[in-house]
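# Overview (structure and organization)
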Amino acid sequence: MVFPVPLRPGDRVAVTAFSSGVPALLHQQLDLALQCLRDQGWQVVEGACLRGEFQDASAPAAERLAELNHFLFDPTIRAILPPWGGERAIELLAGIDFAALARLPPKWLAGFSDVSTLAVPLTLLSGWATLHGPNLFDLGDPRRQEENSALLHALHHGLPPSQSRYSAFWRWDAPGERYPTTLRVLGAQTALMAGRLIGGCLDTLSRLQGSPYFDLHAFKREPTLLYLENCEMRPCELLRALHGLRLSGVLDGLSGLILGRSSGPDAADTNALTYRLALETVLSGLPYPVVVDADIGHVPPQWTLMNGAWAELEVDAGQATLRFEKGCA
(Lines give C-alpha, C1' and ligand atoms only; values in the text may rest on other atoms or scores of the structure.)
Protein backbone atom coordinates (compact mmCIF):
# COMPACT_ATOMS: atom_id res chain seq x y z
CA MET A 1 0.00 0.00 0.00
CA VAL A 2 1.36 3.41 -0.98
CA PHE A 3 0.05 6.74 0.27
CA PRO A 4 -0.11 10.01 -1.69
CA VAL A 5 2.18 12.78 -0.53
CA PRO A 6 0.34 15.61 1.26
CA LEU A 7 -0.68 18.46 -1.01
CA ARG A 8 1.40 21.63 -0.88
CA PRO A 9 0.68 25.19 -2.06
CA GLY A 10 0.99 25.36 -5.82
CA ASP A 11 0.09 21.71 -6.41
CA ARG A 12 -2.19 21.07 -9.37
CA VAL A 13 -5.59 19.50 -8.60
CA ALA A 14 -7.65 18.15 -11.50
CA VAL A 15 -11.44 18.34 -11.39
CA THR A 16 -13.20 15.99 -13.81
CA ALA A 17 -16.59 14.30 -13.71
CA PHE A 18 -15.90 10.71 -14.76
CA SER A 19 -19.52 9.87 -13.96
CA SER A 20 -22.23 12.56 -13.67
CA GLY A 21 -21.47 16.13 -14.66
CA VAL A 22 -22.65 19.42 -13.17
CA PRO A 23 -25.54 21.13 -15.00
CA ALA A 24 -25.57 24.90 -15.49
CA LEU A 25 -28.10 25.40 -12.69
CA LEU A 26 -25.47 24.25 -10.15
CA HIS A 27 -22.37 25.95 -11.55
CA GLN A 28 -22.46 28.65 -8.86
CA GLN A 29 -22.21 26.01 -6.11
CA LEU A 30 -19.44 24.27 -8.05
CA ASP A 31 -17.53 27.55 -8.28
CA LEU A 32 -17.74 27.95 -4.49
CA ALA A 33 -16.19 24.51 -4.08
CA LEU A 34 -13.43 25.27 -6.58
CA GLN A 35 -12.67 28.49 -4.77
CA CYS A 36 -12.25 26.48 -1.57
CA LEU A 37 -9.48 24.52 -3.31
CA ARG A 38 -7.82 27.73 -4.46
CA ASP A 39 -8.05 29.07 -0.91
CA GLN A 40 -5.86 26.12 0.15
CA GLY A 41 -3.21 27.37 -2.26
CA TRP A 42 -3.78 24.70 -4.91
CA GLN A 43 -4.05 25.23 -8.64
CA VAL A 44 -7.36 24.02 -10.08
CA VAL A 45 -7.26 22.31 -13.47
CA GLU A 46 -10.79 21.97 -14.86
CA GLY A 47 -11.47 19.10 -17.22
CA ALA A 48 -13.66 19.37 -20.28
CA CYS A 49 -15.88 16.64 -18.78
CA LEU A 50 -17.33 18.64 -15.93
CA ARG A 51 -19.82 21.45 -16.63
CA GLY A 52 -22.49 19.51 -18.47
CA GLU A 53 -24.89 16.58 -18.17
CA PHE A 54 -26.43 14.43 -20.89
CA GLN A 55 -27.90 10.95 -20.49
CA ASP A 56 -26.75 10.86 -16.84
CA ALA A 57 -23.09 11.53 -17.62
CA SER A 58 -20.80 14.50 -18.13
CA ALA A 59 -19.78 13.28 -21.62
CA PRO A 60 -19.66 10.08 -23.71
CA ALA A 61 -17.72 7.26 -22.07
CA ALA A 62 -14.76 7.52 -24.47
CA GLU A 63 -14.28 11.20 -23.64
CA ARG A 64 -14.58 10.66 -19.89
CA LEU A 65 -12.10 7.80 -20.05
CA ALA A 66 -9.57 9.75 -22.11
CA GLU A 67 -9.68 12.70 -19.72
CA LEU A 68 -9.48 10.52 -16.61
CA ASN A 69 -6.50 8.60 -18.00
CA HIS A 70 -4.79 11.87 -18.91
CA PHE A 71 -5.07 13.10 -15.33
CA LEU A 72 -4.14 9.72 -13.82
CA PHE A 73 -0.90 9.52 -15.81
CA ASP A 74 0.01 13.23 -15.90
CA PRO A 75 2.90 13.58 -13.39
CA THR A 76 2.07 17.25 -12.78
CA ILE A 77 -1.39 16.41 -11.39
CA ARG A 78 -1.27 15.63 -7.67
CA ALA A 79 -4.97 14.98 -7.01
CA ILE A 80 -8.17 14.15 -8.89
CA LEU A 81 -11.33 15.44 -7.24
CA PRO A 82 -14.57 14.66 -9.10
CA PRO A 83 -17.45 16.98 -8.23
CA TRP A 84 -19.58 14.05 -7.07
CA GLY A 85 -20.57 10.52 -8.09
CA GLY A 86 -23.31 9.40 -10.43
CA GLU A 87 -24.10 6.05 -12.02
CA ARG A 88 -21.85 5.45 -15.04
CA ALA A 89 -18.27 5.24 -13.76
CA ILE A 90 -18.38 1.46 -14.26
CA GLU A 91 -18.09 2.03 -18.03
CA LEU A 92 -14.51 3.24 -17.64
CA LEU A 93 -12.90 0.47 -15.56
CA ALA A 94 -11.85 -1.80 -18.43
CA GLY A 95 -10.02 1.10 -20.08
CA ILE A 96 -7.74 1.90 -17.12
CA ASP A 97 -4.30 0.26 -16.81
CA PHE A 98 -4.25 -0.34 -13.07
CA ALA A 99 -1.00 -2.35 -13.30
CA ALA A 100 0.76 0.61 -14.91
CA LEU A 101 -0.60 2.95 -12.25
CA ALA A 102 0.83 0.64 -9.58
CA ARG A 103 4.31 1.57 -10.84
CA LEU A 104 3.68 5.31 -10.50
CA PRO A 105 3.60 7.58 -7.44
CA PRO A 106 0.02 7.66 -6.15
CA LYS A 107 -2.15 10.75 -6.34
CA TRP A 108 -5.19 11.70 -4.32
CA LEU A 109 -8.69 10.61 -5.27
CA ALA A 110 -11.51 11.65 -2.95
CA GLY A 111 -15.30 11.46 -2.89
CA PHE A 112 -18.12 9.02 -2.32
CA SER A 113 -21.07 7.40 -4.12
CA ASP A 114 -20.01 6.39 -7.66
CA VAL A 115 -16.47 7.61 -6.88
CA SER A 116 -16.17 4.26 -5.04
CA THR A 117 -16.32 2.52 -8.41
CA LEU A 118 -12.86 3.90 -9.18
CA ALA A 119 -11.43 4.38 -5.69
CA VAL A 120 -11.73 0.75 -4.59
CA PRO A 121 -10.02 -0.74 -7.70
CA LEU A 122 -7.25 1.86 -7.37
CA THR A 123 -6.62 0.61 -3.83
CA LEU A 124 -6.98 -3.11 -4.59
CA LEU A 125 -5.22 -3.26 -7.97
CA SER A 126 -2.80 -0.32 -7.92
CA GLY A 127 -2.08 -0.16 -4.19
CA TRP A 128 -3.05 3.51 -3.94
CA ALA A 129 -4.66 4.72 -0.74
CA THR A 130 -7.85 6.62 -1.63
CA LEU A 131 -10.28 8.79 0.32
CA HIS A 132 -13.98 8.23 0.93
CA GLY A 133 -15.51 11.41 2.30
CA PRO A 134 -17.41 14.56 1.38
CA ASN A 135 -17.53 15.23 -2.33
CA LEU A 136 -15.82 18.26 -3.82
CA PHE A 137 -19.22 19.80 -4.54
CA ASP A 138 -19.92 19.96 -0.78
CA LEU A 139 -16.79 21.94 0.12
CA GLY A 140 -18.57 25.28 -0.30
CA ASP A 141 -21.50 24.32 1.95
CA PRO A 142 -21.23 26.19 5.29
CA ARG A 143 -23.36 23.54 7.02
CA ARG A 144 -20.65 20.95 6.44
CA GLN A 145 -17.53 22.79 7.61
CA GLU A 146 -16.77 20.27 10.36
CA GLU A 147 -16.85 17.33 7.94
CA ASN A 148 -15.01 19.20 5.21
CA SER A 149 -12.21 20.09 7.60
CA ALA A 150 -11.47 16.38 8.08
CA LEU A 151 -11.23 15.87 4.31
CA LEU A 152 -8.95 18.89 3.90
CA HIS A 153 -6.85 17.68 6.83
CA ALA A 154 -6.28 14.38 5.02
CA LEU A 155 -5.20 16.16 1.84
CA HIS A 156 -2.88 18.50 3.77
CA HIS A 157 -1.38 15.93 6.14
CA GLY A 158 -1.62 12.60 4.33
CA LEU A 159 -4.00 10.86 6.74
CA PRO A 160 -7.49 11.64 8.08
CA PRO A 161 -7.66 12.85 11.67
CA SER A 162 -9.20 10.79 14.44
CA GLN A 163 -12.97 11.26 14.30
CA SER A 164 -15.87 10.68 16.67
CA ARG A 165 -19.58 10.25 16.11
CA TYR A 166 -21.12 13.54 15.03
CA SER A 167 -23.69 14.89 17.46
CA ALA A 168 -26.34 15.60 14.82
CA PHE A 169 -27.05 15.44 11.11
CA TRP A 170 -29.33 17.24 8.70
CA ARG A 171 -31.50 15.73 6.02
CA TRP A 172 -31.76 16.82 2.41
CA ASP A 173 -35.57 16.59 2.71
CA ALA A 174 -35.75 18.85 5.78
CA PRO A 175 -33.59 21.98 5.22
CA GLY A 176 -32.50 23.64 8.43
CA GLU A 177 -33.49 20.71 10.67
CA ARG A 178 -30.95 18.58 12.48
CA TYR A 179 -31.47 15.16 14.03
CA PRO A 180 -29.36 13.39 16.66
CA THR A 181 -27.26 10.58 15.25
CA THR A 182 -27.41 7.05 16.59
CA LEU A 183 -24.90 4.27 16.11
CA ARG A 184 -25.34 0.68 17.21
CA VAL A 185 -23.72 -2.74 17.14
CA LEU A 186 -25.80 -5.69 16.00
CA GLY A 187 -26.37 -7.99 18.96
CA ALA A 188 -24.11 -6.06 21.34
CA GLN A 189 -23.53 -2.74 23.10
CA THR A 190 -19.81 -2.40 22.43
CA ALA A 191 -17.34 -3.25 19.69
CA LEU A 192 -13.63 -2.86 19.10
CA MET A 193 -12.31 -3.66 15.64
CA ALA A 194 -9.08 -3.01 13.81
CA GLY A 195 -7.78 -3.73 10.34
CA ARG A 196 -6.91 -2.28 6.96
CA LEU A 197 -9.87 -0.30 5.67
CA ILE A 198 -11.67 -0.82 2.36
CA GLY A 199 -15.16 -0.02 1.12
CA GLY A 200 -17.60 2.50 -0.30
CA CYS A 201 -21.04 2.65 -1.84
CA LEU A 202 -22.87 -0.69 -1.73
CA ASP A 203 -25.04 0.23 -4.73
CA THR A 204 -21.97 0.37 -6.98
CA LEU A 205 -19.59 -2.12 -5.34
CA SER A 206 -22.19 -4.90 -5.28
CA ARG A 207 -22.20 -4.68 -9.10
CA LEU A 208 -18.45 -5.38 -9.11
CA GLN A 209 -18.48 -8.57 -7.02
CA GLY A 210 -16.91 -11.47 -8.87
CA SER A 211 -14.78 -9.10 -10.96
CA PRO A 212 -11.11 -8.17 -10.43
CA TYR A 213 -12.22 -4.69 -9.39
CA PHE A 214 -13.70 -5.84 -6.08
CA ASP A 215 -11.64 -8.93 -5.29
CA LEU A 216 -10.64 -8.79 -1.61
CA HIS A 217 -8.78 -12.11 -1.40
CA ALA A 218 -5.26 -10.64 -1.49
CA PHE A 219 -6.31 -7.64 0.61
CA LYS A 220 -7.51 -9.98 3.37
CA ARG A 221 -3.99 -11.26 4.00
CA GLU A 222 -4.11 -8.61 6.70
CA PRO A 223 -7.00 -7.99 9.10
CA THR A 224 -9.63 -6.14 7.09
CA LEU A 225 -12.43 -3.72 7.96
CA LEU A 226 -15.08 -3.41 5.25
CA TYR A 227 -17.42 -0.43 5.23
CA LEU A 228 -20.50 -0.02 3.02
CA GLU A 229 -23.32 2.49 2.64
CA ASN A 230 -26.65 2.31 0.87
CA CYS A 231 -27.77 5.11 -1.43
CA GLU A 232 -31.03 4.09 -3.12
CA MET A 233 -31.81 0.43 -2.49
CA ARG A 234 -35.11 -0.52 -0.87
CA PRO A 235 -34.95 -3.10 1.94
CA CYS A 236 -35.54 -6.13 -0.31
CA GLU A 237 -32.95 -4.98 -2.84
CA LEU A 238 -30.54 -4.25 0.02
CA LEU A 239 -31.14 -7.74 1.36
CA ARG A 240 -30.32 -9.25 -2.04
CA ALA A 241 -27.17 -7.16 -2.42
CA LEU A 242 -25.85 -8.16 1.01
CA HIS A 243 -26.77 -11.80 0.50
CA GLY A 244 -24.87 -11.67 -2.79
CA LEU A 245 -21.79 -10.47 -0.94
CA ARG A 246 -22.15 -13.31 1.58
CA LEU A 247 -22.59 -15.93 -1.17
CA SER A 248 -19.57 -14.66 -3.10
CA GLY A 249 -17.33 -14.68 -0.02
CA VAL A 250 -16.83 -10.91 0.21
CA LEU A 251 -17.99 -10.92 3.84
CA ASP A 252 -15.82 -13.91 4.81
CA GLY A 253 -12.70 -13.45 6.92
CA LEU A 254 -13.26 -9.83 7.93
CA SER A 255 -12.30 -8.28 11.26
CA GLY A 256 -15.39 -6.10 11.21
CA LEU A 257 -18.15 -4.66 9.04
CA ILE A 258 -19.27 -1.01 9.21
CA LEU A 259 -22.51 0.17 7.61
CA GLY A 260 -23.36 3.81 7.09
CA ARG A 261 -26.77 5.42 7.50
CA SER A 262 -29.08 4.55 4.63
CA SER A 263 -30.62 7.17 2.37
CA GLY A 264 -32.70 4.54 0.57
CA PRO A 265 -36.48 4.28 1.10
CA ASP A 266 -37.68 2.20 4.02
CA ALA A 267 -40.70 -0.10 4.19
CA ALA A 268 -43.71 1.21 2.28
CA ASP A 269 -46.25 -0.18 4.78
CA THR A 270 -46.45 -2.18 8.00
CA ASN A 271 -46.42 -5.52 6.14
CA ALA A 272 -43.23 -4.79 4.18
CA LEU A 273 -39.67 -5.69 5.12
CA THR A 274 -37.97 -2.85 6.99
CA TYR A 275 -34.41 -1.65 6.48
CA ARG A 276 -33.45 -2.65 10.01
CA LEU A 277 -34.89 -6.15 9.71
CA ALA A 278 -33.20 -6.62 6.32
CA LEU A 279 -29.82 -5.95 7.94
CA GLU A 280 -30.50 -8.24 10.87
CA THR A 281 -31.75 -11.03 8.59
CA VAL A 282 -28.62 -11.01 6.43
CA LEU A 283 -25.90 -10.10 8.91
CA SER A 284 -26.87 -11.81 12.16
CA GLY A 285 -24.47 -14.57 13.09
CA LEU A 286 -21.38 -13.15 11.42
CA PRO A 287 -18.29 -14.00 13.51
CA TYR A 288 -17.16 -10.39 13.91
CA PRO A 289 -18.68 -7.08 15.03
CA VAL A 290 -21.16 -5.32 12.74
CA VAL A 291 -21.61 -1.59 13.33
CA VAL A 292 -24.73 0.04 11.86
CA ASP A 293 -25.69 3.66 11.11
CA ALA A 294 -22.14 5.01 11.17
CA ASP A 295 -21.33 8.48 9.83
CA ILE A 296 -20.72 7.25 6.29
CA GLY A 297 -22.65 7.83 3.11
CA HIS A 298 -25.38 9.84 1.47
CA VAL A 299 -26.92 11.13 4.71
CA PRO A 300 -24.58 13.78 6.13
CA PRO A 301 -22.52 14.26 8.17
CA GLN A 302 -19.88 11.73 7.24
CA TRP A 303 -16.43 10.68 8.30
CA THR A 304 -13.46 10.92 5.99
CA LEU A 305 -12.12 7.38 5.56
CA MET A 306 -8.96 6.21 3.82
CA ASN A 307 -9.01 3.00 1.82
CA GLY A 308 -5.76 1.19 2.53
CA ALA A 309 -5.07 2.79 5.90
CA TRP A 310 -4.98 0.85 9.14
CA ALA A 311 -8.04 1.84 11.17
CA GLU A 312 -9.34 1.17 14.66
CA LEU A 313 -13.01 1.72 15.50
CA GLU A 314 -14.25 1.66 19.07
CA VAL A 315 -17.98 1.77 19.81
CA ASP A 316 -19.45 1.96 23.29
CA ALA A 317 -23.16 2.60 23.90
CA GLY A 318 -23.60 4.60 20.72
CA GLN A 319 -20.39 6.60 21.03
CA ALA A 320 -17.65 5.97 18.48
CA THR A 321 -14.00 6.83 17.95
CA LEU A 322 -12.21 6.14 14.67
CA ARG A 323 -8.40 6.32 14.45
CA PHE A 324 -6.02 5.87 11.51
CA GLU A 325 -2.44 4.74 10.96
CA LYS A 326 -0.56 3.97 7.77
CA GLY A 327 0.86 0.75 9.19
CA CYS A 328 -0.46 -1.65 11.79
CA ALA A 329 -1.08 0.04 15.12
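Quick notes on the rules
Throughout, residues of each chain are indexed from 1 in the direction in which the sequence is written. Residue-level local features of this predicted model are given only where pLDDT is at least 70; pairs of side-chain atoms are given and counted only at 80 or more, and the full residue set underlies all totals for whole chains, interfaces and linings. Values reported for side chains reflect all heavy atoms of the structure, with hydrogen atoms and water molecules removed beforehand. Any residue with an atom within 4 Å of a point lines the site, the site being either a cavity, points on a 1 Å grid over the protein atoms alone where a 1.4 Å probe fits but cannot get out, or a pocket, an open set with protein on both sides within 12 Å along at least 5 of 7 lines. Grid points are joined across faces, edges and corners, and a volume is the space filled by probe spheres set on the points. Each helix corresponds to a stretch of at least 4 residues labelled H or I by DSSP, and each strand to a stretch of at least 2 residues labelled E; elements are numbered beginning at the N terminus. Three classes are used, and their members are as follows: Ala, Val, Leu, Ile, Met, Phe, Trp, Tyr, Cys and Pro are nonpolar, Asp, Glu, Lys and Arg are charged, and the others, Gly among them, are polar. When a residue's accessible area, from a 1.4 Å probe over protein chains only, is under 20% of the maximum for its type it is buried; when over 50% it is exposed; and in between it is partly exposed.

This next bit is on empty space enclosed by the protein. Counted according to the given criterion, the structure contains 2 cavities of 30 Å³ or more. Taken as a whole, the largest cavity spans an internal volume of roughly 40 Å³. Lining the largest cavity we find Leu202, Leu228, Glu229, Asn230, Leu238, Leu242, Leu259, Gly260, Tyr275 and Leu279. Of all elements in the fold, only β11 (224–229), α7 (235–248), β12 (256–260) and α8 (275–283) reach the threshold of two or more residues within the lining of the largest cavity. Of the residues in the lining of the largest cavity, the class split is 7 nonpolar, 2 polar and 1 charged. Approximately 40 Å³ is the volume attributed to the second largest cavity. Taken together, Leu81, Ala110, Gly111, Pro134, Asn135, Leu136, Leu139 and Leu151 make up the lining of the second largest cavity. Residue composition of the lining of the second largest cavity, by class: 6 nonpolar, 2 polar and no charged.

With that out of the way, let us pick up unusual backbone geometry. Following Pro300, the chain continues to Pro301 via a peptide bond in cis, the omega torsion being 0°. Looking at where Pro301 falls in the secondary structure, it is placed in the loop between β13 (290–294) and β14 (305–307). Of note in the backbone geometry, Asp293 takes a positive phi value of approximately 65° without being a glycine. As for its placement among the helices and strands, Asp293 is situated in strand β13. Among the residues examined, Asp293 registers a relative accessible area of 15% and is labelled buried.

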